[in-house]
Structure formats: C-alpha cells, structure tokens
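A look at the structure
Residues per chain, in single letters:
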Amino acid sequence: MFFVDTIETEGLGNRCHLAGGAEHAVAVDPPRDVDRVLAAAAARGVRLTHVLETHLHDDHLTGGPRLARLTGAAYLVPAGAGASCPHVPVHDGDRVHVGAALTLRALATPGHTPHHTAYVLEESGTPVAAFTGGSLPIGPVGRPDLVEPRLTERLARDRYASAHRLAAELPDGTAVLPTHGFGGCSASARPGLAAGTAGPSTVGAEKSAGDAFAKDADTFVADLLAGLDDIPAHYARTAPRDAAGPAPDDLAPPAAVAASLLDAAGREVVLVDDAFDAAAGAGLPVARPACARVSVRQAHARTGPRGGAVLLDVREEDEWRAGHAPGAVHLPLSVLLAADGVPEAVRDREAVVVCRSGQRSQKGARALAERGARAVDVEGGMRAWARAGHPVVDEHGNRGTIA
C-alpha cells in the first residue's frame with residue numbers, strides 16, 4: 001500500500017507531498033523549512049530516497065537541496081530548468097523506483113514554466129496519483145508569465161496541451177495532487193472558483209470542471225492572459241537562488257514560513273495571506289507598471305480628433321470582433337510581445353494601450369516603453385470604456401459588446 005502526506009504552507013499557495021510505501025518515500029516540491037518534511041517522514045518510519053522538483057519556483061525558496069543533503073536522497077530537477085546546484089536531471093519518461101511496487105514516472109508538462117514536469121505515482125504499474133505542480137492545479141491555474149514576457153502566450157498554450165496530456169494518459173480515478181493553486185501569487189484567477197479552493201480532486205473531476213477542458217484552446221488562452229496581475233518584485237531574485245541552491249540558514253520558528261516566502265535576512269518580515277493585494281498591502285515590494293495609467297475619459301480625449309494618440313487594443317481576435325472602440329488599432333498582446341521594435345501604427349505617436357480590464361495593457365505599454373515608444377495604459381480597460389458610455393462597435397461597424 002502507498003501513502004501520500006501533504007505538507008501545506010498556508011498563504012503561500014504551496015504544498016509539498018511526501019509519498020511512499022512501507023520503508024521508502026519521496027518528497028515533491030519541499031518547502032524551505034524542511035523540518036516539517038523530516039518530521040512527517042519520521043512519523044511514517046520511512047527513509048527519503050528522492051527529493052523532486054516539478055519546476056524551479058519563483059514565489060518561494062525551495063528546501064530541496066537542503067533536504068537532499070540531510071537525508072542522502074537524490075535531488076531530481078527537470079533537465080531544462082537550468083539548475084546549477086548538484087542534482088540529477090529528469091527527462092520526460094524517466095522512472096524512479098520507490099520500494100518494491102511503487103514507481104514515479106516523469107511527464108513533461110510545460111506551461112507554468114517551459115521545463116515543468118509532473119510525476120505520476122504508479123502502484124504495480126497502475127497510476128494512483130499525479131503530482132502536478134502548477135500544470136493541473138485545483139482552482140486557479142499556474143501562471144504562464146513568470147519566465148519571459150515573450151513566452152507568455154506560448155506557455156499558456158503549452159499549459160492547455162499539458163492538461164490534456166495528463167487527462168489522456170491517466171485514468172479518471174487518479175488523484176490530482178498539485179503543489180500550486182491554493183491562493184498563492186503563482187496562480188492566476190480561475191473564474192467562479194475561490195482562490196483558496198483546496199479540496200481533493202481527480203483527473204476525472206478536473207476533466208469535468210477544469211477550464212482547460214471546458215474551453216477551446218484560444219478561449220482558454222485569452223481568459224488566462226486576461227486574469228494575470230502584477231508580479232511581486234521578489235520573484236526576480238527567487239528563481240535564480242533556487243537554481244543555484246539556496247544557502248543554508250536558520251529556519252527555527254517563527255521565521256520558517258517567512259524564509260520560504262523571501263530572503264528575510266536583515267529585513268523586517270511581514271507574513272501575508274495570499275496573492276498580490278495582500279502582498280502590496282503588507283508592504284512587500286510588488287512590481288508595478290513603469291508606464292503611466294490614464295482614465296477612460298483621458299484615453300477618449302487623447303485618442304480623439306484633437307488628441308493625436310493611437311488607441312492600441314491588445315485583446316485577442318474574438319474579443320476585438322465582438323466590440324472595440326471606433327478608430328482603434330488592433331494588435332494582440334502576444335503578437336506585440338513576440339515582435340521586435342515599435343509597431344508602425346505608434347512609431348511617431350503616443351500609444352494609449354487598452355485591453356479588457358486593464359491588466360494585459362500594462363504589459364503592452366511597458367513593452368512599448370522599453371522599446372522607446374511613448375505609451376500609457378487605460379485603467380479599467382474596455383469594460384470601463386463601455387461603462388463610461390464611449391462608443392463600441394463590432395467587426396461590421398454595428399453596436400458591439402464587451403465581455
């Protein structure tokens with residue numbers, strides 16, 4: 001018989017899973033304060049043979065290297081992650097034996113990151129649980145925008161394909177055990193589901209309720225991109241430290257959870273519950289747009305006959321067709337980020353960048369500013385534009401709608 005114990009870091013949106021049999025076990029995505037994992041293993045009377053990462057994390061420092069050193073376990077990291085600390089690279093299809101009848105099989109599931117890997121626990125050859133990291137979370141989905149802005153749309157599509165790969169290769173009764181998606185900053189909102197949703201799930205249940213199965217790829221990608229928000233500033237420091245292997249430090253309570261969140265040495269630490277509003281409200285640094293924001297009234301004036309600016313709509317094609325501002329120029333965010341230079345339409349004019357709700361437009365305006373263009377983004381997006389009574393037309397010039 002196998003067991004799975006879950007060790008949760010509340011508020012960080014992260015869970016470590018300890019899984020094994022009568023004598024041996026593995027730990028998947030361990031937290032920085034590894035004492036909790038060691039205590040769980042001791043309670044089970046098992047020896048850790050492997051410590052595994054589904055990906056290199058941006059939101060917290062991993063305890064993987066330290067846990068491997070303390071236990072003598074092998075430290076496994078996806079081969080494409082770029083880890084520089086001592087580790088064993090994992091490739092798609094690799095298998096790890098955990099006792100006589102238990103095996104872990106690696107499945108490449110890019111999306112949350114390019115190198116993301118899930119691990120399927122098999123008992124006597126039958127899949128019984130999938131440690132899905134950020135590739136098939138319960139509730140909010142793993143963000144695809146934490147690696148490189150130009151990869152965001154591609155990773156969002158990879159995220160969709162990875163969820164379908166898991167569904168195709170695993171029986172419906174396989175337990176889904178993610179490590180992200182419980183209210184942390186690495187998750188993006190899933191409409192209709194609370195950020196803290198944390199109940200058990202299975203592959204079959206996710207196929208019935210998950211966005212990746214209820215929508216086609218284009219709709220899934222558009223909604224996922226629309227749900228992205230600001231990225232906490234410490235993310236830029238965390239992933240490189242995870243790649244190198246965080247230096248040892250004192251994790252005696254109550255500093256343990258705080259040290260999992262950010263490098264707290266010599267700094268005042270404020271513990272936050274979850275997500276971006278809480279982080280900003282607690283005084284933690286959050287990366288804000290480098291460009292100015294304007295109201296829809298200001299955007300309407302600047303892009304009118306006397307304003308001279310260009311209203312640049314960065315929503316997806318289906319959103320544009322349903323309703324847009326007359327005279328706006330359409331350039332999806334994914335196309336803008338993938339291209340080099342300044343688009344011809346705004347080369348000599350100010351760009352007033354708009355999306356549906358004002359989130360994607362921040363990324364678009366920032367990208368243009370970094371390329372030397374004059375750019376601002378519209379607070380509230382096209383939803384606010386329509387609520388203010390400004391005109392909206394569809395692709396045929398008739399009265400349009402904003403979703």
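Along every chain, residues carry numbers that run from 1 in the direction the sequence is written. With pLDDT at 70 or above as the cut-off, local features in this predicted model cover only qualifying residues; side-chain atom pairs require 80 or more to be listed or tallied, and sums for whole chains, interfaces and linings still use all residues. Hydrogens and water are ignored here; the side-chain numbers use all heavy atoms of the structure.

Notes on the overall build of the chain
Helix and strand definitions follow DSSP, with helices as H or I runs of at least four residues and strands as E runs of at least two, each counted in order from the N terminus. Tallying secondary structure elements over the chain gives 14 helices and 21 strands in all. Across the 403 residues that make up the chain, the buried fraction comes to 53%. The contact criterion used throughout is that any non-hydrogen atoms of two residues lie within 4.5 Å. Put simply, of all contacts in the chain between residues at least 6 apart along the chain, 65% involve residues at least 24 apart. Each accessible area is a Shrake-Rupley estimate made with a 1.4 Å probe; only the visible protein chains count as cover when residues are assessed. Surface accessibility of the chain: about 16,400 Å² in total, with carbon and sulfur atoms responsible for 52%. Classification of residues uses two cut-offs on accessible area relative to the type maximum, computed with a 1.4 Å probe and protein chains only: under 20% is buried, over 50% is exposed, and between them is partly exposed.

Details of the packing of helix α1 (residues 35–44) against helix α2 (residues 64–71)
Axis angles are defined between N-to-C directions and span 0 to 180 degrees, where every axis is a line fitted to C-alpha atoms and, for a helix, only to the segment in contact. It is at 10 Å that the axes of α1 and α2 come closest, and there the two elements cross at 45°. One element, α1, and the other, α2, form an angle in the oblique class. The two elements α1 and α2 cross, and the hand of that crossing is right-handed. Contact residues: α1 offers Asp-35, Val-37 and Leu-38, while α2 offers Arg-66, Leu-67, Leu-70 and Thr-71. Here the nonpolar group is Ala, Val, Leu, Ile, Met, Phe, Trp, Tyr, Cys and Pro; Asp, Glu, Lys and Arg are the charged ones; every other residue, Gly included, is treated as polar. Looking at side-chain class alone, the contact of α1 with α2 contains four nonpolar, one polar and two charged residues. Convention used here: angles under 35 degrees read as roughly parallel, angles over 145 as roughly antiparallel, angles from 65 to 115 as roughly perpendicular, and any remaining angle as oblique. Helix crossings fall into two classes, left-handed where the near helix is turned counterclockwise from the far one by less than a right angle and right-handed where it is turned clockwise.

Some words on the side chain of Thr-62
By secondary structure assignment, the location of Thr-62 is in the loop between β4 (47–52) and α2. Within the structure, Thr-62 has its side chain in polar contact with the side chain of Glu-53 (distance 2.4 Å). Among the polar contacts made by the side chain of Thr-62, one reaches the main-chain amide nitrogen of Gly-64 at a distance of 2.9 Å. Between N or O atoms, a polar contact is any pair within 3.5 Å; within protein, one atom must be a potential hydrogen donor and the other a potential acceptor, and residues adjacent in sequence are included only when both atoms are from side chains.

Focus: the nonpolar core
Counting 22 residues, the largest nonpolar core has Leu-18, Val-37, Leu-48 and Leu-67 as its most contacted members. The set of elements that each furnish at least two residues to this core consists of β1 (3–9), β2 (14–20), β3 (24–28), α1, β4, α2 and β5 (74–78). Ranked by residues supplied to this core, first place goes to α1 with three residues. Those residues in contact with Leu-67 that lie beyond four places of it in its chain are Ala-27, Pro-30, Val-34, Val-37, Leu-38, Leu-48 and Val-51. Nonpolar cores are built from buried Ala, Val, Leu, Ile, Met, Phe, Trp, Tyr and Cys residues. Side-chain atoms within 4.5 Å join them into one set.

Looking at the sheet that holds strand β14 (residues 201–202)
Ordered by their spatial adjacency, six strands build an open sheet running β7-β8-β9-β10-β12-β14, and the pairing between neighbours is mixed. The sheet is open, and its two borders are formed by β7 (95–97) and β14, each paired with just one other strand. Paired strands, in this sense, are two strands between which DSSP finds at least two bridges. Here strand β9 (residues 117–123) pairs with strand β10 (residues 126–133) via five bridges, running antiparallel. Bridge assignment links Glu-123 to a residue of β10, and that residue is Thr-126. Here helix α3 (residues 152–169) sits on the sheet in contact with β8 (102–108), β9 and β10, set at roughly 145° to β8.

Quick word on helix α6 (residues 217–226)
Those residues of α6 that sit buried are Phe-220, Val-221, Ala-222, Leu-224, Leu-225 and Ala-226. The backbone nitrogen of Asp-218 has a side-chain oxygen 3.1 Å away, supplied by the residue at the start of α6, namely Asp-216.

A word on the packing of α3 against α6
It is at 9 Å that the axes of α3 and α6 come closest, and there the two elements cross at 125°. Comparing the axis directions of α3 and α6 gives the class oblique. For the pair α3 and α6, the crossing hand works out as right-handed. Judged by residue contacts, Thr-152, Glu-153, Ala-156, Arg-157, Arg-159 and Tyr-160 of α3 engage Ala-217, Asp-218, Phe-220, Val-221, Leu-224 and Leu-225 from α6.

Thoughts on the sheet that holds strand β17 (residues 293–294)
The sheet built from five strands is open, its strands ordered β17-β21-β20-β18-β19 with parallel pairing. The open sheet has two free edges, formed respectively by β17 and β19 (329–330), since each of these has just one partner strand. Its contacts with the sheet put helix α13 (residues 360–370) on β17, β18 (310–313), β20 (351–354) and β21 (375–378), and the angle it makes with β21 is roughly 175°.

Focus on the packing of aromatic side chains
Aromatic rings from Phe, Tyr and Trp, with only the six-membered ring used for Trp, were paired whenever their centres fell within 6.5 Å, and each pair was classed as stacked if the ring planes differed by under 30 degrees, edge-to-face if by over 60, and tilted otherwise. On inspection of all chains with the given rule, the structure shows one aromatic pair. With a centroid separation of 5.4 Å and 50° between ring planes, the pair formed by Tyr-160 and Phe-220 is classed as tilted. Of this pair, Tyr-160 sits in helix α3 while Phe-220 sits in helix α6, and the two are 60 residues apart along the sequence. As far as the burial class goes, Tyr-160 and Phe-220 line up, both buried.

Considerations on the confidence of the model for the chain
For every residue, the predictor reports its confidence as pLDDT, a number between 0 and 100. When pLDDT is averaged across the chain, the result is 79; 74% of the residues are at 70 or more. Across residues 182–198 the pLDDT falls below 50, and counting only partners more than four positions away or on other chains, this stretch makes 57 contacts in the model.

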